[in-house]
Amino acid sequence: MNSPQDTLSRLEVTIAARRDADPETSYVAKLNARGVGKIAQKLGEEATETVIAALTQDREELIGEAADLMFHLLVLLGAKGVPLADVLAELDRREGLSGIAEKASRPRG
Ligand SMILES: N=c1c2ncn([C@@H]3O[C@H](COP(=O)(O)OP(=O)(O)OP(=O)(O)O)[C@@H](O)[C@H]3O)c2ncn1[C@@H]1O[C@H](COP(=O)(O)O)[C@@H](O)[C@H]1O
């Protein structure tokens, strides 16, 4: 079985390869042709659908919506020129730092 990082890395490569394809035959190309605003809008819709699935649907629906959400996030990162590795590095940097402790350490004001 592939590691989650392998799967996301392969999808990132696929998305980069499809960006300039024919929008008639490539969903990735179609989204990119419509611009970052449209991609961001789609990401927001998929996030909402994931929330709704978590609250009202069964497990399979949630998995499907979560996959849509992660796919559209990768399309957005690609369109903005942000490598997945940079996001993973940020998560690595946060590893072991409790969200409660991090929030408490923020300067007030
Ligand atoms: N993982 C995905 C993936 N997940 C979801 N989707 C598409 O995301 C879209 C989301 O569905 P929606 O109904 O919300 O969107 P929509 O039908 O475009 O609706 P509107 O925004 O037009 O109203 C659907 O068309 C899904 O097929 C994906 N499309 C592509 N991929 C991957 O990207 C690769 C390249 O795809 P193409 O660019 O299409 O060749 C594929 O081989 C896959 O690996």
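Check the entry above for the structure.
Since the structure is predicted, the reported quantities are computational estimates derived from the model, not experimental observations.

Cut-offs and rules
Just so you know, the residues in each chain are numbered from 1, in the order the chain's sequence is written. At least 70 in pLDDT is required for a residue's local features to be given in this predicted model, at least 80 for side-chain atom pairs to be given and counted, and no such filter applies to totals for whole chains, interfaces and linings, which use all residues. A run of DSSP states H or I qualifies as a helix once it reaches four residues; a run of E qualifies as a strand once it reaches two. Both are numbered from the N-terminal end. Only the C-alpha atoms count toward the radius of gyration. The rule for a globule is 2.2 Å times the residue count to the power 0.38. Neighbour counting defines burial: a residue surrounded by 20 or more other C-beta atoms within 10 Å of its own C-beta is buried, one with 12 or fewer is exposed, and intermediate counts give partly exposed, using backbone-placed C-beta atoms. We call two residues in contact whenever the C-beta atoms placed from their backbones are within 7 Å. Any residue whose C-beta atom, as set from the backbone, lies within 6 Å of a molecule or strand is reported as near that molecule or strand. Each residue is assigned to one class: nonpolar for Ala, Val, Leu, Ile, Met, Phe, Trp, Tyr, Cys and Pro, charged for Asp, Glu, Lys and Arg, and polar for all the others, Gly among them. Any set of buried Ala, Val, Leu, Ile, Met, Phe, Trp, Tyr and Cys residues joined through C-beta atoms within 7 Å is what this text calls a nonpolar core. Every axis in this analysis is a line fitted to C-alpha atoms, fitted for helices over the stretch in contact. Angles between the N-to-C directions lie between 0 and 180 degrees. Every angle not falling under 35 degrees, over 145, or within 65 to 115 is termed oblique; those three ranges are roughly parallel, roughly antiparallel and roughly perpendicular. Crossing handedness is defined as follows: a turn of the near helix away from the far one that is anticlockwise and smaller than a right angle gives a left-handed crossing, while the clockwise case is right-handed. To estimate how far a helix should reach, multiply one less than its number of residues by 1.5 Å.

K.L.:
Account for the overall build of the chain, with residues named and values stated.
P.N.:
Along the backbone of the chain there are six helices and zero strands. Ordered by position from the N terminus, the helices and strands of the chain form the series α-α-α-α-α-α. Here the C-alpha radius of gyration of the chain, 16 Å, is well above what a compact globule of 109 residues would show, namely 13 Å. Counting only C-alpha atoms and orienting by the principal axes, one finds that the chain spans roughly 50 × 40 × 35 Å. Within the span of the chain, comprising 109 residues, buried residues form 13% of the whole. Contacts spanning at least 24 positions in sequence make up 48% of the contacts within the chain whose residues lie at least 6 apart.

K.L.:
Describe the site of the ligand, and please don't skip the residues or the numbers.
P.N.:
With respect to spatial proximity, the complete set of residues near the ligand consists of Leu 11, Thr 14, Arg 18, Ser 26, Tyr 27, Val 28, Ala 29, Lys 42, Asp 68 and Phe 71. At the level of elements, helix H1 (4–18), helix H2 (27–34) and helix H4 (59–79) are the ones that each hand at least two residues to the shell around the ligand. Looking at the shell around the ligand residue by residue, the classes come out as five nonpolar, two polar and three charged.

K.L.:
Can you tell me about the nonpolar core, naming the residues and giving the values?
P.N.:
Among the nonpolar cores identified, the biggest contains seven residues, and these are Ile 15, Val 28, Leu 31, Ile 39, Leu 43, Leu 74 and Val 75. Going through the elements one at a time, H2, helix H3 (36–56) and H4 are the ones with two or more residues in this core. With near-sequence residues (within four places) excluded, Ile 15 lies in contact with Val 28, Leu 74, Val 75 and Gly 78.

K.L.:
How would you explain the packing of H1 against H4 if you had to name every residue and give the values?
P.N.:
With their axes 10 Å apart at the nearest point, H1 and H4 run at an angle of 55° to one another. Classed by the angle they form, the pair H1 and H4 counts as oblique. Seen from above, H1 lies across H4 with right-handed handedness. Note on element contacts: H4 touches H1 through Phe 71, Leu 74, Val 75 and Gly 78, opposite Leu 8, Leu 11, Glu 12, Ile 15 and Ala 16. In the contact of H1 with H4, the residues fall into seven nonpolar, one polar and one charged.

K.L.:
Requested: an account of H4, with residues and values cited.
P.N.:
Since there are 3.6 residues in each turn of an α-helix, residues three or four apart along the chain are aligned in direction. Under the 1.5 Å per step criterion, the end-to-end length of H4 is 30 Å for 21 residues, consistent within 8% with the ideal 30 Å. When we look at burial in H4, the residues that qualify are Glu 65, Leu 69, His 72, Leu 74, Val 75 and Gly 78. Looking at the packing, one finds that the buried side of H4 touches H1, H2, H3 and helix H5 (84–94). At the C-terminal side of H4, Gly 81 shows a positive phi close to 70°.

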